[in-house]
Amino acid sequence: MIATLLTKVFLPLSLAIIMLGMGMTLIPADFTRIVTYPKAVLIGLTNQLILLPLIGFSLAIAFDLDPTMAVGIMILSCCPGGPTSNLITQICNGNIALSVTLTAIASFASIITIPFVLAMALDYFGSGSDIVIELPVLDTILQIVVITVIPISIGMLIRKYKPNFAKRMEKPMRTASTVIFILVFIAVLAANLELLGNAMKSVGLVTLLLNIGTMGLGYLTARLFKLKLKNAISISVESGIQNGTLAFVIATTILNNVEMGIPTVAYAIWMFLTGGILMWKLSKRKNIQLAE
């Protein structure tokens, strides 16, 4: 009951409020700049939709995971970052417009990529399942629109018509975002306490390596292609912060297998910890250059 209330009410509402605050820091030029310079978007999407599942698959093979845990890792690997990644990017002084763009595009693309990747994973790891994986397309689109697009649009309108108010609210909203992040982390721990021990024992190391590996690769590829630091931060966060809610829904509702959701529980812990460390280290930096 508590877990359901958290994922279906408190978390979406909190993230929508955070998105409103982010919208008040954005102007249309932030997004048109990304269209003009699409390199950062292409690198980010490559990390999220191609490299992330490959890393997850490689780790499942390297650690010789049993079929259930292996499929659970693959479910997690093909659920790209949700609005939580936008929150972490904001506090880390990354490129928020890039983060929101990557979240939106990857979420829509996952409607195609998730069934494709998971069908191959179920076949390869020999689960013996004949389940046809179909994402709730309308629900997924509505989730993106309600939690991300609408609040950010309202925030941008406030920034346009009430710029002084938007400027005054920038620091309080950043503080509120940090507090909400900590509260959500504590709530995730409390709601999944029963699964936590088993999750860490079964796939704790694998999920930690997946989290650090994807974040690190996201940052390295961004810097390799000479993207500026704000863009590299966004791509790193988007690569390592997954949509755990969607992954858990796929495992427990679509595949009807709670055990396949165990890697998501373990990953959520690492995800919030590494995200928290990044926020702590980067939130105080004022010399991060503007994105290209």
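Look a little higher up for the structure.
Model, not experiment: these values are computed from the prediction. (Residues numbered from 1 in each chain as written. Predicted model: local features only at pLDDT ≥ 70, side-chain atom pairs only at ≥ 80, totals over all residues. Heavy atoms only, no water.)

Undergrad: Got a minute to help me understand the packing of helix H3 (residues 39-62) against helix H4 (residues 67-77) in this structure?
TA: Relative to each other, H3 and H4 sit at 165°, their axes nearing to 9 Å. Put simply, H3 runs roughly antiparallel to H4. Relative to H4, the crossing made by H3 is right-handed. Contacts between H3 and H4 involve Gln48, Leu52, Pro53, Gly56, Phe57 and Ala60 from the former and Ala70, Ile73, Met74 and Ser77 from the latter. Residue composition of the contact of H3 with H4, grouped by class: seven nonpolar, three polar and no charged. (Axes fitted to C-alpha atoms, helices over the stretch in contact; angles between N-to-C directions. Helix = DSSP H or I, 4+ residues; strand = E, 2+ residues; numbered from the N terminus. Parallel < 35°, antiparallel > 145°, perpendicular 65-115°, else oblique. Left-handed = near helix turned anticlockwise from the far one by under 90°. Contact = heavy atoms within 4.5 Å. Nonpolar A, V, L, I, M, F, W, Y, C, P; charged D, E, K, R; others polar.)

Undergrad: Mind showing me how you'd approach the nonpolar core here?
TA: In globular proteins that are soluble, nonpolar side chains generally tend to be buried together. Core analysis: the largest hydrophobic core is formed by 71 residues, its most contacted members being Leu65, Ile75 and Ile250. Among the elements that line this core, the one with the most residues is helix H6 (residues 96-124), at eleven residues. Beyond its immediate sequence surroundings of up to four residues, Leu65 is in contact with Ala60, Ala70, Ile73, Val203 and Val206. (Core = buried A, V, L, I, M, F, W, Y, C linked by side-chain atoms within 4.5 Å. Buried < 20%, exposed > 50% of the residue type's maximum accessible area, 1.4 Å probe, protein only.)

Undergrad: So what exactly am I meant to see when it comes to the packing of aromatic side chains here?
TA: Each aromatic ring pair is characterised by the separation of its centres together with the angle its planes make. Across all of its chains, the model carries three aromatic pairs by this definition. Plain terms: the ring middles of Tyr124 and Phe125 are 5.1 Å apart, the flat faces sit at 85° to each other, and that makes the pair edge-to-face. Judged by relative accessible area, Tyr124 falls into the exposed class, the value being 52%. Residue classification places Phe125 among the buried positions, given a relative accessible area of 11%. In textbook terms, an aromatic cluster arises when at least three aromatic residues are bridged by ring pairs, as seen for Phe57, Tyr124 and Phe125. (Phe/Tyr/Trp six-rings, centres within 6.5 Å; stacked < 30°, edge-to-face > 60°.)

Undergrad: Which parts of the structure should I look at to understand the environment of Ile212?
TA: Mapped onto the elements of the fold, Ile212 is located in helix H9 (residues 193-224). Taking the C-alpha atoms as reference, Ile212 lies 9.7 Å from Ser236; in sequence the two are 24 residues apart.

Undergrad: Looking at this structure, I do not really get the side chain of Ser77. What am I missing?
TA: By secondary structure assignment, the location of Ser77 is in helix H4. Contact partners of Ser77, with chain neighbours within four places excluded, come to Gln48, Leu52, Pro53, Gly56 and Leu210.

Undergrad: How should helix H10 (residues 229-240) be read in this particular structure?
TA: Residues lying three or four places apart along an α-helix face the same way, a consequence of the helix completing one turn every 3.6 residues. Between its terminal C-alpha atoms H10 stretches 16 Å, which fits the 16 Å expected from twelve residues at 1.5 Å a residue. Residues Leu229, Lys230, Asn231, Ala232, Ile233, Ser234, Ile235, Ser236, Val237, Glu238, Ser239 and Gly240 constitute the buried set of H10. (Expected span 1.5 Å × (residues − 1).)

Undergrad: For this particular structure, what's the right way to read unusual backbone geometry?
TA: One can expect most non-glycine residues to show negative phi and most peptide bonds to be in trans. At Asp64, a position not held by glycine, the phi torsion is positive, near 50°. Note that Asp64 resides in the loop between H3 and H4.

Undergrad: Is there a simple way to think about the packing of H3 against H10 in this case?
TA: When two helices pack together, their arrangement is given by the angle between the helix axes and the distance between those axes. The interhelical angle for the contact between H3 and H10, taken along N-to-C directions, is 20°, at an axis separation of 10 Å. Looking at the two axes, H3 sits roughly parallel to H10. The element H3 and its partner H10 pack so that their crossing is right-handed. Across the interface between the two elements, Ala40, Ile43, Gly44, Asn47, Gln48 and Leu52 of H3 pack against Asn231, Ile235, Glu238 and Ser239 of H10. Here the residues of the contact of H3 with H10 sort into four nonpolar, five polar and one charged.

Undergrad: Please explain a nonpolar patch on the surface as it appears in this structure.
TA: Taken together, Leu142, Val146, Ile150 and Ile154 make up a surface patch of nonpolar side chains, about 350 Å² in accessible area. Among the structural elements, Ile154 can be located in helix H7 (residues 137-161). (Patch = residues over 30% accessible without salt bridge, like charges linked within 9 Å, V, L, I, M, F, W, Y side chains within 5 Å. Areas by Shrake-Rupley, 256 points an atom, 1.4 Å probe, with all protein chains shown as cover. Salt bridge = Lys/Arg side-chain N within 4 Å of Asp/Glu carboxyl O.)

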